[in-house]
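Single-letter residue listing:
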Amino acid sequence: MNVVIMSRTKVTLDHVAKEIGNTTGRKVKVLVTDFTMDNVFSDIEEQLKDLNIGVLVNNVGMLPSIVPCRFLENADLDQTITRVINCNVKTMVKMCKTILPGMENRGRGVILNVSSGIASIPFPLYSLYAASKIFVERFSQGLQAEYKETGIIIQQSSSAVEHTHNNGQARMCSDTNGEEITPSDCETVAPFGVSTRMNSYQATNVVTLSPRDFVKSSLQYVRAGDRTYGSICHMFLGWLLQTLPLKIVYADYVLNGLQEFVARKQAQKRAISALSAA
C-alpha cells in the first residue's frame, strides 16, 4: 500500500517519507497541517478525495503540559483547552468522518485510534488529557458496534504518553492502490509508555517501548477486539491501575511524586541539551 502522512513539521515529514520510500519502494504523500487549529479539514478532504484509503491510523495527540499539573494551573488555559480538544478529540472524529464512507462502500478497511493507558481511570494532574482519551475509547467502541457488519475493523489502543504533537502530531492513511485488504475494523490501541517526543524520548525498557517495537507488538492484536493495550506488559499495567484502590492512586504523596519525577526528568534533559550545545 502507498502511504499518506500528515503532521505540522514538513522537514520531519519529508525525512520519514524518504525513509518509507527507500525501505518499501512505496509512494508517500505528505500533507502539512496543524491539527490543533480550526478549519483544517476541508483541505485534507480535498487532498484525499481520489484515494482509496484502506487503513487509517489516528495517532495525533498532545498533552496540556509536559509536567503534570492541576487543571487551573495550565498556562493559557482557554487556548490549551481548545488545542487539546481540537488535537485529541475533534481530529479523530473528523478523520473518521472523511475516511469511513469509502471503507463502507468497499466493505473493508481498518481504523486504529490511539488512546492512552492513563484513561483507564480518572487521572488527576492529567485530567484534560485522560478525559480526551476516554472519548477516543468510547467513540471507537460505539463506531465498531455500528459498523461491525460492514467488515470494517475499528480498534482503540491505549498508551500512557505515546503520541507525537509538540508533544506531537502524526497521522497516517494507507492508499490501497487497488490492492485487496481484508475485512475492516475500527480499534482503539491503548499503550502505556512509548518513547516519543511527547515524553521527551525516555530511555526504552520493558515498560517504555520504542515506536518500532510497540507497533510490531500491537499489530498482533488488531483482531483481538475493539480495545487493546498493544503489548502484554501494558496489559498488566492496565490491570494493575484498575485494580489498585483509587485512594492510593490519588494520595498526595503519589501525585506529588509523579510531578517531581517528570520535572526532574525534564531538568535532566535540559541540562544534557545545554552541555551538548556548549
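Residues numbered from 1 in each chain as written. Predicted model: local features only at pLDDT ≥ 70, side-chain atom pairs only at ≥ 80, totals over all residues. Heavy atoms only, no water.

Topic: the overall build of the protein
Okay, step 1: What the protein contains, in helices and strands, is eight helices and nine strands.
Okay, step 2: Counting every position in the protein, which comprises 278 residues, the buried fraction comes to 48%.
Okay, step 3: For the protein, the proportion of contacts with a sequence separation of at least 24, taken over those separated by at least 6, is 81%.
Okay, step 4: When the accessible surface of the protein is summed, it comes to about 13,800 Å², and 57% of that surface belongs to carbon and sulfur atoms. (Helix = DSSP H or I, 4+ residues; strand = E, 2+ residues; numbered from the N terminus. Buried < 20%, exposed > 50% of the residue type's maximum accessible area, 1.4 Å probe, protein only. Contact = heavy atoms within 4.5 Å. Areas by Shrake-Rupley, 256 points an atom, 1.4 Å probe, with all protein chains shown as cover.)

Comments concerning the packing of helix α3 (residues 77-106) against helix α4 (residues 127-147)
Okay, step 1: Close contact between α3 and α4 brings their axes to 10 Å; oriented N to C, the two are set at 15°. As judged from the angle between their axes, α3 and α4 are roughly parallel. With respect to the hand of their crossing, α3 and α4 are arranged in right-handed fashion. Every residue of α4 that contacts α3 at Thr-80, Ile-81, Val-84, Asn-88, Val-89, Met-92, Val-93, Cys-96, Leu-100 and Glu-104 is listed here: Leu-128, Tyr-129, Ser-132, Lys-133, Phe-135, Val-136, Phe-139, Ser-140, Leu-143 and Tyr-147.
Okay, step 2: In the contact of α3 with α4, the residues fall into 14 nonpolar, four polar and two charged. (Axes fitted to C-alpha atoms, helices over the stretch in contact; angles between N-to-C directions. Parallel < 35°, antiparallel > 145°, perpendicular 65-115°, else oblique. Left-handed = near helix turned anticlockwise from the far one by under 90°. Nonpolar A, V, L, I, M, F, W, Y, C, P; charged D, E, K, R; others polar.)

Overview of the pairing of strand β2 (residues 28-32)
Taken residue by residue, a regular strand's side chains alternate between the two faces of the sheet.
Okay, step 1: Relative to β2, strand β1 (residues 2-7) runs parallel, the two sharing five bridges. Counted as the bridge partner of Met-6 is Leu-31 from β2.
Okay, step 2: For the crossover that starts at β1, traverses helix α1 (residues 10-24) and ends in the parallel β2, the hand is right-handed. (Pairing = 2+ DSSP bridges. Right-handed = clockwise from strand over helix to strand, strands pointing away.)

Remarks on the nonpolar core
Okay, step 1: Judged by nonpolar contacts, the single largest core of 27 residues is most densely connected at Met-6, Phe-35, Ile-44, Leu-48, Met-95, Ile-99 and Ile-111.
Okay, step 2: Those elements that provide at least two residues to this core are β1, α2 (41-48), β3 (53-58), α3, α4 and β5 (152-161).
Okay, step 3: When residues in this core are grouped by element, the largest group, eight residues, is from α3. (Core = buried A, V, L, I, M, F, W, Y, C linked by side-chain atoms within 4.5 Å.)

Brief notes about the pattern of salt bridges
Okay, step 1: This structure, assessed with the given rule, holds six salt bridges.
Okay, step 2: Between Arg-8 and Asp-34 there is a salt bridge, with the nearest N and O atoms lying 4.0 Å from each other. Pair noted here: Arg-8 is in the loop between β1 and α1 and Asp-34 is in the loop between β2 and α2, with a separation of 26 residues, a long-range link.
Okay, step 3: Judged by its relative accessible area of 30%, Arg-8 falls in the partly exposed class.
Okay, step 4: For the salt bridge of Lys-49 with Glu-46, the shortest nitrogen-to-oxygen distance reads 2.8 Å.
Okay, step 5: Classification of Glu-46 by relative accessible area gives partly exposed; the value is 45%. (Salt bridge = Lys/Arg side-chain N within 4 Å of Asp/Glu carboxyl O.)

Thoughts on α2
Okay, step 1: Residues Phe-41, Ile-44 and Leu-48 constitute the buried set of α2. For α2, the angular spread of buried residues about the axis comes to 55°, placing them on one side. (Arc of directions from axis to C-beta.)

Let's talk about the packing of aromatic side chains
Okay, step 1: The final tally for this structure, using the stated rule, is three aromatic pairs.
Okay, step 2: Here the aromatic rings of Phe-35 and Phe-41 are separated by 6.3 Å at their centres, their planes lie at 35°, and the arrangement is tilted.
Okay, step 3: The class for Phe-35 is buried, based on a relative accessible area of 0%. (Phe/Tyr/Trp six-rings, centres within 6.5 Å; stacked < 30°, edge-to-face > 60°.)

In short, geometric facts, not functional conclusions.
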